[in-house]
Amino acid sequence: MNREERGEMDTQIEPENLQIRPARADDAAAITEIYNQGILGRQATFETRLRTADEMRESLRSGEGRFPYLVSEIGDTVIGWASVSTYRTRECYNGIGEFSIYVHDLWQKVGVGRLLLPALIEAAEAAGFWKLLSRVFPENTGSLRLAAACGFREVGTYVKHAQLDGVWRDVVIIERLIPANQPS
């Protein structure tokens with residue numbers, strides 16, 4: 001489906017038109033396509049190697065039962081995904097999750113993320129996480145606005161955090177506490 005087939009949307013997507021559910025193994029190809037768009041776009045990740053559906057299936061399998069992994073779909077078409085993964089391996093960090101969210105290029109800027117990210121926060125709360133965090137390129141203003149709208153705060157900036165295509169890139173550190181799961 002291209003933008004013309006989808007219809008140019010000047011308004012936000014209607015929540016009743018979007019289903020959000022846990023990802024399944026048979027979603028791996030669609031998730032991979034969306035993630036690879038993010039890799040190729042060079043505005044969402046330091047990753048440069050495109051992924052395969054088999055790698056994505058393994059990622060889904062390895063996090064099953066511990067790490068929330070959601071997809072958003074319209075009809076039977078997956079148009080976005082969000083997940084929580086390990087922040088650090090030390091036991092003291094078990095309640096902190098690093099999150100990712102990606103929306104298919106054809107469905108960006110119509111509100112998919114504003115429905116998907118809150119669902120991921122709820123899933124992370126249900127899974128016992130007390131904090132979600134991520135690192136976002138400063139130029140990725142859409143992601144920073146989305147995170148702020150969903151209660152994330154900017155903690156600071158890692159300057160020259162890593163190189164992407166031979167160019168040093170900064171990242172903005174964002175976090176959101178989940179008070180229901182905060183240890184006393």
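Above this text sits the structure in question.
Residues numbered from 1 in each chain as written. Predicted model: local features only at pLDDT ≥ 70, side-chain atom pairs only at ≥ 80, totals over all residues. Heavy atoms only, no water.

(A) Structural view of the overall build of the protein chain. Helices and strands together make up the secondary structure of the protein chain, namely five helices and seven strands. Sequence-ordered secondary structure for the protein chain, helices as α and strands as β, is α-β-α-α-β-β-β-α-β-α-β-β. Relative to its length of 184 residues, the protein chain is compact, with a C-alpha radius of gyration of 16 Å against a globular reference of 16 Å. For the protein chain, the spread of C-alpha atoms along the three principal axes comes to 50 × 40 × 35 Å. In the protein chain, which comprises 184 residues, the proportion classed as buried is 41%. For the protein chain, the share of sequence-separated contacts (at least 6 apart) that also reach a separation of at least 24 residues comes to 66%. For the protein chain, the accessible area works out to roughly 10,300 Å², and carbon and sulfur atoms hold 48% of it. (Helix = DSSP H or I, 4+ residues; strand = E, 2+ residues; numbered from the N terminus. Rg over C-alpha atoms; globule rule 2.2 N^0.38 Å. Buried < 20%, exposed > 50% of the residue type's maximum accessible area, 1.4 Å probe, protein only. Contact = heavy atoms within 4.5 Å. Areas by Shrake-Rupley, 256 points an atom, 1.4 Å probe, with all protein chains shown as cover.)

(B) Layout of the environment of arginine 66. By the element assignment, arginine 66 lies in the loop between helix H3 (53-63) and strand S2 (69-74). The contacts of arginine 66, once residues within four sequence positions are left out, are Asn94, Gly95, Ala127 and Phe129. Among the polar contacts made by the side chain of arginine 66, one reaches the main-chain carbonyl oxygen of alanine 127 at a distance of 3.5 Å. (Polar contact = N/O pair within 3.5 Å; in protein donor to acceptor, adjacent residues only side chain to side chain.)

(C) The arrangement of the pattern of salt bridges in detail. Evaluated as defined, the whole model comprises twelve salt bridges. The partner of aspartate 165 in a salt bridge is arginine 42, and the shortest N-O contact between them spans 2.6 Å. With aspartate 165 in the loop between strand S6 (153-164) and strand S7 (167-177) and arginine 42 in the loop between helix H2 (28-41) and H3, the pair connects residues that are 123 residues apart, well separated along the chain. Given the relative accessible area of 52%, aspartate 165 is considered exposed. Relative accessible area serves as the criterion here: at 21%, arginine 42 is assigned to the partly exposed category. Residues glutamate 139 and arginine 169 are paired through a salt bridge, measuring 3.1 Å at the closest nitrogen-oxygen approach. Residue glutamate 139 is located in the loop between strand S5 (131-136) and helix H5 (141-149), and its partner arginine 169 is located in strand S7; the two are separated by 30 residues in the primary sequence. Its relative accessible area of 49% is what places glutamate 139 among the partly exposed residues. In the salt-bridge network here, residues are joined through shared partners; they are Arg21, Asp27 and Glu73. (Salt bridge = Lys/Arg side-chain N within 4 Å of Asp/Glu carboxyl O.)

(D) Local environment of the environment of glutamine 108. Position of glutamine 108 among the secondary structure elements: in the loop between strand S4 (96-103) and helix H4 (112-126). Separated by 34 residues in sequence, glutamine 108 and glycine 142 place their C-alpha atoms 9.4 Å apart.

(E) Expanded view of H3. Those residues of H3 lying buried are Met56, Leu60 and Gly63. Down the axis of H3, the buried set is contained in an arc of 80°. They therefore lie on one face. For H3, the exposed residues lying more than 90 degrees away from the buried face are Asp54 and Ser62. Next to the buried residues of H3 lie H2 and S2. Remark: glycine 65 follows H3 within two positions and exhibits a positive phi of approximately 90°. (Arc of directions from axis to C-beta.)

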